[in-house]
Each structure stands twice: as C-alpha cells, then as structure tokens.
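The residues making up each chain are set out below.
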Amino acid sequence: PGIAAPSPQPDISFREFIPGAWRMVEGSRPFVPGWHIDAIAEHAEALMRGEILRLLVNVPPRHMKSLLLSVMLPAWAWTWMPESRWLSASYALKLAIRDTVKSRRIIQSPWYQSQWGHRFAMTSDQNEKSRYENDRTGHRIATSVDAAVTGEGGDYITVDDPHNVRDALSETKRGAAIDWWDQSMSTRLNDQKTGRI
C-alpha cells in the first residue's frame, strides 16, 4: 500500500544519476566528469535496455569502473526496475560486499528516497551486507570467485576483478578464474537469452 508501480522507462538517465550517487558514497570529494564516464554510462544504459547483453569494461585503476558498474548501476536500475535481481562477484568477497554496501547506502540515502523511495521498500527480513532484497522481489547478492553460487541467480551479473592484479601473471590463478566463470558463474543467469553480464 502506498508504493507506486515502477516506471517502464527511467525518469533519469544513468549519466544524470551518477553525480547525485557520487555524493552519497564519496561525500565532499569532488566529482570529476570525463569522457570515459560518459562512454561507460552510455554503454551501461544500452545494456539495461537490452540493446547489448554483454559488456566488458577495461579502464585503468581509479577511473570509477567499480563505482559506476558495481555500485551505481544496480541502484539506478532499481529506480525503474526494482524487480531486477543482481548477482555481483569479485576475486575477494570483501570487495563484492564493499560494493553492495555502497549501493545500499545510495538506495537508503535521503536523496534517493526522496525521488524513488515510493517505488519499493527494502525488506527487513533480508537486509544484510552480502544479500538484500526489496518488496518488489528484487535482490542484490555478493559472492566471490571461490564461493559456491549453487541455487542463486540473477537477471544481471557483474564481475569486478575476477582475480587479483598480483595474480595476473599466474597461469594457475587465471585458469582458476576462467574455470569458475565457465563452470559456475556463467550458468547463474535467470534467463540465458535475456540476462545481462
């Protein structure tokens, strides 16, 4: 009761969402726009619209890849698709949890709630750092490359750094990350035809 139905289309572009979300997770640190942010946002929106189903972003460290795609994108998606389900991974569980917590911080902020809080509510019985849900059946789950994801799935899968940069030259570590992807994570889409990665 009192919760409006989600919008079939976003009422704000992802690129327009970014500066507001930045303030919620970075505080007074200034947001510095750049062409790379515009390009990532444009491609992320195409992914969300289903114009592309797979997106690989390679940018140097400290260029907002994690913030944009693992933190802000799921929060923005819930402004118009709160039923979307997200499965997020990194080589270390603590990094995946870091991003889910930042995303939840955006969602629970007064800025977000004043604009989109009427579209869904966080559930009280499943609201942990590594897994939270909303009352529109959406969820966000954090996992790691070495964790079992049996029984879990998502409409959207984000993988941020599947192996530590220190292991980039290790054929064993790279092989383990590829095996995890091929044998486990790549099978976790709720719908293999429409799911996005």
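To be clear, the structure that these remarks concern was listed above.
Note that the structure is a prediction, hence the values are computed from the model and not measured.

**Student:** Any details on the layout of surface pockets? Residues and values, ideally.
**Tutor:** There is about 170 Å³ of room inside the second largest pocket. If you trace the second largest pocket, you find it lined by Y91, V145, D146, P162, H163, N164, D167, K173, A176 and A177. Class assignment of the residues belonging to the lining of the second largest pocket gives a composition of 5 nonpolar, 2 polar and 3 charged.

**Student:** Could you give me a rundown of the packing of aromatic side chains, with the residues and numbers involved?
**Tutor:** Two measures describe an aromatic ring pair: the distance that separates the ring centres and the angle between the ring planes. Following the criterion strictly, the structure yields 14 aromatic pairs and no others. Ring geometry for F14 against W76: centres 5.4 Å apart, planes inclined by 45°, an arrangement best described as tilted. Residue F14 is found in helix α1 (residues 14–26), and its partner W76 is found in helix α3 (residues 65–77); the two are separated by 62 residues along the sequence. Accessibility classification places F14 together with W76 in one group, the buried group. Consider the rings of W111 and W116, whose centres lie 5.4 Å apart with planes at 80°: the pair is edge-to-face.

**Student:** Please provide a residue-by-residue account of the environment of S184, values included.
**Tutor:** Examined against the element boundaries, S184 turns out to sit in the segment after α6 (171–183). Between the C-alpha atom of S184 and that of V149, which follows or precedes it by 35 residues, the distance is 7.2 Å. Setting aside its immediate chain neighbours within four residues, S184 contacts V149 and D179.

**Student:** An account of the side chain of S103 is needed here, citing residue identities and associated values.
**Tutor:** Along the polypeptide, S103 turns up in helix α4 (residues 93–108). Judged by its relative accessible area of 1%, S103 is buried. There is a polar contact of 2.9 Å between the side chain of S103 and the backbone oxygen of V71. Residues contacting S103, with those up to four places away along its chain left out, are V71, P74, A75, Y132 and R140.

**Student:** Explain the nonpolar core to me, using residue names and the numbers behind them.
**Tutor:** Ranked by size, the top nonpolar core spans 37 residues in total, and within it F17, M72, I106 and Y112 carry the most contacts. Going through the elements one at a time, α1, α2 (35–48), α3, α4 and α5 (110–116) are the ones with two or more residues in this core. With 9 residues, α3 is the single largest residue contributor to this core. With sequence-adjacent residues up to four places away left out, F17 is seen in contact with I12, M72, A75, W76, T79, I106, W111, Y112 and W116. By size, the runner-up hydrophobic cluster in this structure holds 10 residues, among which are L87, I141, L189 and I197.

Conventions and cut-offs
- Residues numbered from 1 in each chain as written.
- Predicted model: local features only at pLDDT ≥ 70, side-chain atom pairs only at ≥ 80, totals over all residues.
- Heavy atoms only, no water.
- 1 Å grid on protein atoms, 1.4 Å probe; cavity = no way out; pocket = protein on both sides within 12 Å on 5 of 7 lines; lining within 4 Å.
- Points joined across faces, edges and corners; volume = space filled by probe spheres on them.
- Nonpolar A, V, L, I, M, F, W, Y, C, P; charged D, E, K, R; others polar.
- Phe/Tyr/Trp six-rings, centres within 6.5 Å; stacked < 30°, edge-to-face > 60°.
- Helix = DSSP H or I, 4+ residues; strand = E, 2+ residues; numbered from the N terminus.
- Buried < 20%, exposed > 50% of the residue type's maximum accessible area, 1.4 Å probe, protein only.
- Contact = heavy atoms within 4.5 Å.
- Polar contact = N/O pair within 3.5 Å; in protein donor to acceptor, adjacent residues only side chain to side chain.
- Core = buried A, V, L, I, M, F, W, Y, C linked by side-chain atoms within 4.5 Å.

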